[in-house]
Amino acid sequence: MKNDFGTLNLDSDEVSYTYKELSYRLSSHPYEPCLYLWCGDKLVCVLHSAYNTEELVEAFTAGKTVKTNFGKDYDKEYDETGFCRVLAAAIDSGRSDMDFFYAAKLAKEKNVKFLH
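Below is a summary of the structure that appears in this document. (Residues numbered from 1 in each chain as written. Predicted model: local features only at pLDDT ≥ 70, side-chain atom pairs only at ≥ 80, totals over all residues. Heavy atoms only, no water.)

1. Topic: unusual backbone geometry
Although it is not a glycine, Glu21 sits at a positive phi angle of roughly 65 degrees. Tracing the chain through its elements places Glu21 in the loop between strand E3 (15-19) and strand E4 (22-29). Non-glycine residue Ser49 carries a positive phi angle of around 55 degrees. When its relative accessible area of 24% is taken as the criterion, Ser49 is described as partly exposed. (Helix = DSSP H or I, 4+ residues; strand = E, 2+ residues; numbered from the N terminus. Buried < 20%, exposed > 50% of the residue type's maximum accessible area, 1.4 Å probe, protein only.)

What follows is the structure, encoded as structure tokens:
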């Protein structure tokens, strides 16, 4: 899905995200879970308390949303576009790691609409 906040490629073998003409490979760690954004061989950002790539593929290819459970102020549902907005905010922040809810907060501060 293409939008102003990038494009997800939900190939089940490798999930990638294209933003500002750069391609980021997404990988995950199921224990926390963490979502890793790689540009080539460089780890650009780690999003803590995020999603496994398998969850993203499953939800977004079915046209569904993913839900956060971070407490009352941060419980949100994200469609694919909203999720891309959070990834864009994380990359634009220049930070090497952050919690997913903080990236979502940054995206919201940019007047981004999310599903409620």
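Still more to cover.
2. Some details on the packing of aromatic side chains
One pass over the full model with this rule turns up 7 aromatic pairs. Taking the centre distance of 5.9 Å and the plane angle of 15 degrees together, the rings of Tyr17 and Tyr19 count as stacked. The buried category is assigned to Tyr19, whose relative accessible area is 7%. Consider the rings of Phe60 and Phe83, whose centres lie 5.7 Å apart with planes at 55 degrees: the pair is tilted. With Phe60 in helix H1 (residues 53-61) and Phe83 in helix H2 (residues 80-93), this residue pair connects regions lying 23 residues apart in the sequence. In terms of burial, Phe60 and Phe83 fall into one category: buried. Feature note: the residues Tyr51, Phe60, Tyr78, Phe83 and Phe100 constitute an aromatic cluster, connected by ring pairs. (Phe/Tyr/Trp six-rings, centres within 6.5 Å; stacked < 30°, edge-to-face > 60°.)

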